[in-house]
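# A closer look at the structure
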Amino acid sequence: MATADIYADLKRDHDKQREMLKELAELKGDGAKRKKLFEAFRIEIQSHAAAEEESLYATMLGEPELRDDARHSVSEHKEVDDLLGEMMDLDFASDEWESKFFHMRHRYEHHIDEEEEEMFPAAEKELDDATEQKLAEIYEERKPIEAKEAKANPPGADERD
């Protein structure tokens, strides 16, 4: 990558996650395949959220004009994480799992659309290029570390309210 771009990194992950959600939605009746893909999705989403919070959101919390957006997004991460934890306790081939999945998918896609359409442009207006470059470097460094953490810590293990 020639220059690090925090927004491009996050958007690239969002696109990957949208594709994974689409694949999960298309799997019908095969609990084993669904479980395997869901596990990959949950590691992807947990590592993304944690690295995003440690880079972009941490900086946004320090900026009065961006603080409310960051708090809102962290709250939505927690909501989706809780839903993922609930889903792990269900039979992956069940109608109940599928119903919970479509609710989680709707909430998560709303969240990433909101980030891309509202939060990223707001942050881009407030943060300078050097800060954005540093955030991208932090994100790129943290995401693989957070993926290892996500493998060891299933969703819902986070006890924040």
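Note: the structure precedes this text.
Criteria and thresholds
Residues numbered from 1 in each chain as written. Predicted model: local features only at pLDDT ≥ 70, side-chain atom pairs only at ≥ 80, totals over all residues. Heavy atoms only, no water. Helix = DSSP H or I, 4+ residues; strand = E, 2+ residues; numbered from the N terminus. Buried < 20%, exposed > 50% of the residue type's maximum accessible area, 1.4 Å probe, protein only. Axes fitted to C-alpha atoms, helices over the stretch in contact; angles between N-to-C directions. Parallel < 35°, antiparallel > 145°, perpendicular 65-115°, else oblique. Left-handed = near helix turned anticlockwise from the far one by under 90°. Contact = heavy atoms within 4.5 Å. Nonpolar A, V, L, I, M, F, W, Y, C, P; charged D, E, K, R; others polar. Phe/Tyr/Trp six-rings, centres within 6.5 Å; stacked < 30°, edge-to-face > 60°. Core = buried A, V, L, I, M, F, W, Y, C linked by side-chain atoms within 4.5 Å. Patch = residues over 30% accessible without salt bridge, like charges linked within 9 Å, V, L, I, M, F, W, Y side chains within 5 Å. Areas by Shrake-Rupley, 256 points an atom, 1.4 Å probe, with all protein chains shown as cover. Salt bridge = Lys/Arg side-chain N within 4 Å of Asp/Glu carboxyl O. Lys, Arg positive; Asp, Glu negative; His and termini not counted. Charge placed at Lys NZ, Arg CZ, Asp CG, Glu CD.

## What about the environment of Leu61?
Position of Leu61 among the secondary structure elements: in helix H2 (residues 31–61). What makes Leu61 partly exposed here is its relative accessible area of 33%. On a C-alpha basis, the gap between Leu61 and Arg71 in space is 7.4 Å, while along the polypeptide they are 10 residues apart.

## Focus: the packing of H2 against helix H4 (residues 95–126)
Packing of H2 against H4 leaves a shortest axis separation of 13 Å and a crossing angle of 30°. Classified by the angle their axes make, H2 and H4 are roughly parallel. In the crossing of H2 with H4, the sense of the turn from one axis to the other is left-handed. Residue-level inspection shows Arg34, Phe38, Phe41, Ile45, His48, Glu52, Leu56, Tyr57 and Met60 of H2 in contact with H4, the latter providing Trp97, Glu98, Met104, Tyr108, His111, Glu115, Met119, Phe120 and Ala123. Class assignment of the residues belonging to the contact of H2 with H4 gives a composition of 12 nonpolar, 2 polar and 4 charged.

## Comments concerning the packing of aromatic side chains
Within this structure, the stated rule accounts for 7 aromatic pairs. An angle of 5° between the planes, with centres 5.4 Å apart, marks the rings of Trp97 and Phe101 as stacked. Taken together, the residues span about one helical turn, with Trp97 and Phe101 both in helix H4 at a distance of 4 residues. Both residues of the pair, Trp97 and Phe101, belong to the buried class. The rings of Phe38, Phe92, Trp97, Phe101 and Phe102 are connected pair by pair, giving a single aromatic cluster.

## With respect to the nonpolar core
If you look at the biggest cluster of nonpolar residues, it comprises 19 residues, and the most contacted ones within it are Phe41, Leu84, Trp97, Phe101 and Met104. Those elements giving two or more residues to this core turn out to be helix H1 (6–26), H2, helix H3 (67–88) and H4. Per-element tally for this core: the top contributor is H4, with 5 residues. Counting 16 residues, the second-largest nonpolar core is a separate cluster that includes Met119, Ala123, Leu127 and Tyr139.

## Details of a negative patch on the surface
Negative charge collects at one region of the surface, where Asp5, Glu124, Asp128 and Asp129 lie side by side. Tracing the chain through its elements places Asp128 in the loop between H4 and helix H5 (129–152). Look at Asp128 and you get partly exposed, because its relative accessible area is 45%.

## Some remarks on the pattern of salt bridges
Here the structure, examined in full by the defined rule, presents 20 salt bridges. We note a salt bridge from Asp13 to Lys143, for which the minimum N-O separation is 3.1 Å. Of the two residues, Asp13 sits in helix H1 while Lys143 sits in helix H5, which places them 130 residues apart along the sequence. A relative accessible area of 11% places Asp13 in the buried class. According to the relative accessible area criterion, Lys143 is buried, its value standing at 14%. In this structure, Arg18 and Asp113 form a salt bridge, with 2.8 Å as the shortest nitrogen-oxygen distance. Within this pair, whereas Arg18 is found in helix H1, its partner Asp113 is found in helix H4, the two being separated by 95 residues in sequence. Among the ionic contacts, a cluster of salt bridges with common partners joins Lys11, Asp15, Arg18, Asp113 and Glu116.

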